[in-house]
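Structural characterization, general
Chain by chain, the residues:
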Amino acid sequence: MQPTPMLVAVDLVVLTLRSGELEALLVRRGVEPYAGRWALPGGFVEPGEDLVDTAVRELGEEAGIGRLRPHLEQLATYGSPDRDPRGRVVSVAYLALVPDPGDPVAGSDAADAAWRAVGTLGRSRSLAFDHARILRDGVERARAKLEYTSLAAALIPEPFTVNELREVYAAVWGVEPDPRNFHRKVTSADGFVVETHATTTRGGGRPARLYRRGPAVQLHPPMLRG
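This one's a predicted model, so the numbers in the text were calculated from it and none came from an experiment.

A closer look at the nonpolar core
Leu 15, Leu 135, Leu 165, Tyr 169 and Phe 192 are the most contacted members of the largest nonpolar core, which totals 44 residues. Breaking this core down by element, the ones donating at least two residues are β1 (7-18), β2 (21-29), β5 (71-78), β6 (89-97), α2 (131-148), α3 (162-173) and α4 (179-188). Counting residues per element, this core draws most heavily on α3, which supplies 7 residues. The contact partners of Phe 192, leaving out residues within four places of it in the chain, are Ser 150, Ala 153, Leu 165, Tyr 169, Val 186, Arg 212, Arg 213, Gly 214, Ala 216, Leu 219 and Met 223. In terms of nonpolar packing, the next biggest core, distinct from the first, is built from 12 residues, Val 10, Ala 55, Leu 59 and Ala 96 among them.

Right under this line is the structure:
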């Protein structure tokens, strides 16, 4: 039996915080299939190219944010036989978390690029291919990462208050952490945040202590949802 011809692609779930909301980067496809439909940024792996090199290239070429050096990690592989009308295409998805990205600039074969609030995107049938499923998986991975890693502190400018950090968790998780319990957990997790010995009143009310990101990568104890 002849092997089935197969192409390998990379798709990107790019997430950021804008105006207190978790948003995903989408591109409007400029070519078939699904021309005019919104999709996750991505493209085919070129000869001699490593998967992560494709991810970095597509961040720059298709979304104009490659210069930002986001947190980037492999998410999952998607290989349903009918996921792409062009033929058998296996996609390796990556999750990218980008602080303060600014407005994206569409490039390559994308007709437009925009940040969109995650909200109901993961349940939307308007996204091309199986990208709604990939987006759902990426959002859930991001939510889990905030439980056991210090990544949340990399999504806001330093120095920050504990309340500003709590707003990051609220936006990503979609639930509001209890303020007192959250403060206790943040300040007791080994190496999560480091006090700067400065204060700010930018949130209104009494002066709040300012922190910066600590040396920890893994959180002990973790910041569990619910």
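Some thoughts on the side chain of Glu 73
If you trace the backbone, Glu 73 turns up in strand β5. Glu 73 sits in the buried class, given a relative accessible area of 13%. Engagement of the side chain of Glu 73 in a polar contact is seen with the side chain of His 71, the distance being 2.7 Å. Side-chain polar atoms of Glu 73 contact the side chain of Arg 141, separated by 2.5 Å.

Remarks on the side chain of Thr 54
By the secondary structure assignment, Thr 54 is in helix α1 (residues 51-61). Among the residues examined, Thr 54 registers a relative accessible area of 0% and is labelled buried. Here the side chain of Thr 54 touches Glu 49 through a polar contact of 2.7 Å, side chain to side chain. Other than its neighbours up to four places away in sequence, Thr 54 contacts Val 10, Gly 43, Phe 44, Val 45, Glu 46 and Glu 49.

Side note on α3
Between its first and last C-alpha atoms α3 spans 16 Å; for 12 residues at 1.5 Å apiece the expected length is 16 Å, and the two agree. Counting buried residues along α3, 9 of its 12 residues qualify, which places the element largely inside the surrounding structure. Along α3, the residues that are buried comprise Val 162, Leu 165, Arg 166, Val 168, Tyr 169, Ala 170, Ala 171, Val 172 and Trp 173. Contacts from the buried residues of α3 go to β1, β2, α2, α4, β8 (193-200) and β9 (208-213). Looking one or two residues past α3, Gly 174 carries a phi angle of roughly 80°, positive in sign.

Thresholds applied
- Residues numbered from 1 in each chain as written.
- Predicted model: local features only at pLDDT ≥ 70, side-chain atom pairs only at ≥ 80, totals over all residues.
- Heavy atoms only, no water.
- Core = buried A, V, L, I, M, F, W, Y, C linked by side-chain atoms within 4.5 Å.
- Buried < 20%, exposed > 50% of the residue type's maximum accessible area, 1.4 Å probe, protein only.
- Helix = DSSP H or I, 4+ residues; strand = E, 2+ residues; numbered from the N terminus.
- Contact = heavy atoms within 4.5 Å.
- Polar contact = N/O pair within 3.5 Å; in protein donor to acceptor, adjacent residues only side chain to side chain.
- Expected span 1.5 Å × (residues − 1).

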